Amino acid sequence: MTEASGTLQGEERYASSRAYLYFVQGMLQANRGDHRAAAEALKLAVVFDPEAGYLRVALAEQYARTGAVDKAESELKQAVAADPSYGPAHLALGKTWADLRRPKAAAVAFEKAISLQPTEPQAYLYLAQVHLEAGDEPKAIAAIEALSKAVPGEPIGYKAIGRWFAEKGEADKASKFLKLAQERDPGDAETLVLLAKTFEALDKDADAERWYVKALGRDPDSAEVLLSLGTLHLRKGDLPASRAYFDRLLSGSPQDPDLHAKLAFAYVRANRLQEASDFFEKAHALSPQDATLSFFWGRVLEEKLEFSKAAAAYAAVDPKADLWPQALVHQARCLAQAKQTRRAVDLMSRAVADEPDRLEYLLELAQALEGDGRAAEGVTLLEKRLGQNVGPARLIEALASLYGKAARHADAVSLLQRAISAAPRDEALIFALGAAYERQGDLDAAVARMREVLSFNPDSSAALNFIGYTYADRGKNLDEAEAMVKRALELSPDNGAYIDSLGWVYFHKGDFKRAAESLEKALRLQPQEPVIAEHLGDAYTRLARKKEAAETYRKALQLLDKAPDDKVRESLEGKLRGLGETAGGARR
């Protein structure tokens, strides 16, 4: 049998030494990343052996990498025409058509590739992918089942489709196929981790832990698995187990700032802000130039109401970083909260002077002026920017808010009404008008505007919660209030403010036990919110849990030290006196 007989495929067939030479040159150029040079060399290889399918497939790949998809398609069509029995050409042509969003043609090409090379998994996988992207799951599953029959015991198909469903968020389907993959390759750590994650998504923590532990048995130093196990136990509230996994993880890379950041984010998700702050601080110390670490450390400190430290963390963000504008605004906000209002005004004044067209800087400067007792200057600043125009919704809302703080409620309502007349379906403006009516004391008008928001967007969780809380606070329409708040929680299940609203509904319904349970959860989610603490103290009082009520009222007072509100403080002190207690803890 001669080399040029045409019965051999792939690299076994070389009709010309020159074709082979240019093929090698092309592959070397491709390995260096110079795909244009690779294509030029492979074009010469094809000249000396135009019937060789493998050369045209290689050339088509280089064309595709340079963006010349039309040329790639042309070469592959010629490869198929020259040698219809060459499976890799059909496979490559199918991939090209799939990239060109021609799923039917791609499927035909993949099916032809399968018929020519029935034990080659890639064609089955690509065929399944085409069907999945077209929304035809039964055909995709059929392709994977065909692979399992063609190559008994091969796990790759089940693993691929399981991962695909997992990425789509369909954990039930994912777990079914991943189990089949795991049965075929019990020791594959990646499949074990994927299984664990799908069971986590299904809220089956015990099953998730079992698969993670198996994965850890295969790879005892896996950072991904140690982090996942620690995070899982943290979410369950098992702090000793969580710390054990985290300590084991850190022992391998104690000076890795990215690892400390990952642990910080794990604690943030568990709402354990002190531990999160500690890890961010360590990460920042290890990598002080990392703008992302500085920014998120500041966010955690801000959540903890440690405003001076938060401002310093934000100030450490590099002005050249993408996060700098956000960091600057948060820095000013924290300075104002820390009673360093003049510094906040100076900071934002310089920012506005440097970038006068950046609206968020202007809005923050107006807020800083209001905090510095110069609300009139802030109003004038925003009025000047607004001029006679309707202006962006954010500017309108900010000016209306300043009017409200200055007790100019009629001006706020008038401003928003004019803006809405020009944009009658703007949800943000209608919501802001409802809030303005609330500040004015017109709760019926406020609720009416929120119902208008819901007429446009029935899934506005903020509007649902606003109405529910307003009714609860007034002790009216409590069944409707409960239904609305529960719907808001369906849309945003971990929102502490919404959970507080539900607890407040239960409180006014007289169900003080359920009220306390909800309010305890709300306070865990938003431990720095004094109003939630006050509500919880009220529930404890009604349950005759006076000691806990007093402790909770005092906690609320401590929170007010960082974010003062004289009205709330007066209310809390009155409630403590009613319990025969004082703010300092002594009994009267």
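For the structure itself, look to the data block above.
Values in this document were obtained by computation on a predicted structure and should not be read as measured data. (Residues numbered from 1 in each chain as written. Predicted model: local features only at pLDDT ≥ 70, side-chain atom pairs only at ≥ 80, totals over all residues. Heavy atoms only, no water.)

1. Considerations on the packing of aromatic side chains
Our working rule: A pair of Phe, Tyr and Trp rings is counted when the ring centres sit within 6.5 Å of each other, with Trp represented by its six-membered ring. The angle between the planes then sorts it: under 30 degrees is stacked, over 60 is edge-to-face, the rest tilted. Under the DSSP-based scheme used, a helix requires at least four consecutive residues in state H or I and a strand at least two consecutive residues in state E, with every element numbered from the N terminus. Only protein chains enter the accessibility calculation, which uses a 1.4 Å probe; a residue is then buried when its area is under 20% of its type maximum, exposed when over 50%, and partly exposed in between.
Per the stated rule, a full pass over the model turns up 15 aromatic pairs. Ring geometry for F165 and F177: centres 5.9 Å apart, planes at 15°, overall stacked. Of the two residues, F165 is situated in helix α9 (residues 156-168) and F177 in helix α10 (residues 171-184); the sequence distance between them amounts to 12 residues. Residue F165 shares its accessibility class with F177, and that shared class is buried. Relative to F296, the ring of F265 lies with its centre 5.3 Å away and its plane at 70°, an arrangement referred to as edge-to-face. Taken together, the positions of F265 in helix α15 (residues 257-269) and F296 in helix α17 (residues 291-303) put the pair 31 residues apart, joining distant regions of the chain. In this structure F265 comes out as partly exposed when scored by relative accessible area, which is 29%. A relative accessible area of 30% places F296 in the partly exposed class.

2. Regarding the layout of surface pockets
How we decide: Within this scheme a cavity is a closed region of a 1 Å grid, computed over the protein atoms alone, that accommodates a 1.4 Å probe without allowing it to escape, whereas a pocket is open but has protein on both sides within 12 Å along at least five of seven lines; lining residues each have an atom within 4 Å of a point. Grid points are joined across faces, edges and corners, and a volume is the space filled by probe spheres set on the points.
Size it by volume and the second largest pocket reaches roughly 360 Å³. Lining the second largest pocket we find 15 residues, and of these E61, A64, A92, K95 and T96 sit closest to its centre. A total of six residues in the lining of the second largest pocket trace back to one element, the largest contributor, which is helix α5 (residues 87-99).

3. Concerning the side chain of S148
Applied cut-off: Counting of polar contacts relies on pairs of N or O atoms within 3.5 Å, with two restrictions inside protein: one atom must be capable of donating a hydrogen and the other of accepting it, and residues adjacent in sequence are counted only when both atoms are side-chain atoms. Here, residues are in contact when the closest pair of their heavy atoms is within 4.5 Å.
Along the chain, S148 falls in helix α8 (residues 137-150). Among the residues examined, S148 registers a relative accessible area of 11% and is labelled buried. Here the side chain of S148 touches Y158 through a polar contact of 3.3 Å, side chain to side chain. For S148, the contacting residues outside a window of four places in its chain are G153 and Y158.

4. Structural notes on unusual backbone geometry
Phi angles above zero are rare outside glycine, and R101 is one such case at about 60°. On the basis of relative accessibility, which here comes to 69%, the residue R101 falls in the exposed class. Positive phi values are uncommon outside glycine, yet N271 reaches one of about 60°. Inspection of the secondary structure assignment puts N271 in the loop between α15 and α16 (273-286). Among the residues examined, N271 registers a relative accessible area of 22% and is labelled partly exposed.

5. Focus on helix α24 (residues 409-422)
In plain terms, the rule: To estimate the expected span of a helix, subtract one from its residue number and multiply by 1.5 Å. The reported arc concerns the directions from the helix axis to the C-beta atoms and nothing else.
Counted at 1.5 Å a residue, the expected span for α24 with its 14 residues is 20 Å, and the 21 Å between its end C-alpha atoms agrees. Within the span of α24, buried status applies to A412, V413, L415, L416, A419 and I420. Across the axial projection of α24, the buried residues extend over an arc of 165°, all falling on one side. In α24, the exposed positions angled more than 90 degrees off the buried face are occupied by A410, R418, S421 and A422.

6. Thoughts on the nonpolar core
Where we set the bar: Remark: nonpolar core denotes a set of buried residues (Ala, Val, Leu, Ile, Met, Phe, Trp, Tyr, Cys) joined through side-chain atoms within 4.5 Å.
In this structure, L55, Y212, Y361, L382 and L416 are the most contacted members of the largest nonpolar core, which totals 189 residues. Of all the elements, helix α21 (residues 359-371) adds the most residues to this core, at eight residues. What L382 contacts, discounting residues up to four positions off in sequence, is L362, L363, A366, L395, A398, L399 and L402.

7. Focus on the pattern of salt bridges
For side chains bearing opposite charge, pairing can occur when the charged atoms are close. What counts is decided by this rule: Counted as salt bridges are all cases of a side-chain nitrogen of Lys or Arg within 4 Å of a carboxyl oxygen of Asp or Glu.
For the coordinates displayed, the defined rule picks out 45 salt bridges. Across the pair E200 and R235 runs a salt bridge, and its minimum N-O distance is 3.2 Å. Taken as a pair, E200 in helix α11 (residues 189-201) and R235 in helix α13 (residues 223-236) lie far apart in primary sequence, 35 residues in all. Ionic pairing is found between E480 and R451, a salt bridge with its closest N-O pair at 2.7 Å. Placement of E480 in helix α28 (residues 478-491) and of R451 in helix α26 (residues 443-456) is noted, with a sequence separation of 29 residues between them. A relative accessible area of 32% places E480 in the partly exposed class. Taking relative accessible area as the criterion, R451 reaches 33% and is therefore assigned partly exposed. When salt bridges that share partners are traced, they join E137, K168, E170 and K173 into one network.

8. Some words on the side chain of S461
With respect to the helices, strands and loops of the structure, S461 is situated in helix α27 (residues 461-474). The buried category is assigned to S461, whose relative accessible area is 16%. A distance of 3.2 Å separates the side chain of S461 from the side chain of Y498, its partner in a polar contact. Beyond its immediate stretch of four places on either side in the chain, S461 contacts A488, L491 and Y498.

9. Comments concerning a nonpolar patch on the surface
Short version of the rule: Each patch is built from residues lacking any salt bridge and having more than 30% relative accessible area; the joining distance is 9 Å for like charges and 5 Å for nonpolar side chains (Val, Leu, Ile, Met, Phe, Trp, Tyr). Only the protein chains shown count as cover for residues, with accessible areas throughout obtained via the Shrake-Rupley method and a probe of 1.4 Å.
A cluster of nonpolar side chains, contributed by Y20, V24 and L28, occupies part of the molecular surface with about 240 Å² of accessible area. Structurally, L28 can be placed in helix α1 (residues 17-31). On the basis of relative accessibility, which here comes to 43%, the residue L28 falls in the partly exposed class.

10. Let's talk about the environment of G230
Position of G230 among the secondary structure elements: in helix α13. Residue G230 is classed as buried on the basis of its relative accessible area of 0%. Considered as a pair, G230 and G33 are 197 residues apart in the sequence and their alpha carbons are 41 Å apart. In contact with G230, other than residues within four places in its own chain, are S242, Y245 and F246.

11. Structural notes on the environment of E145
Its place among the elements puts E145 in helix α8. By relative accessible area, which is 29% here, E145 ends up partly exposed. E145 sits 21 residues away from Y124 along the chain, and the two C-alpha atoms are 9.3 Å apart.

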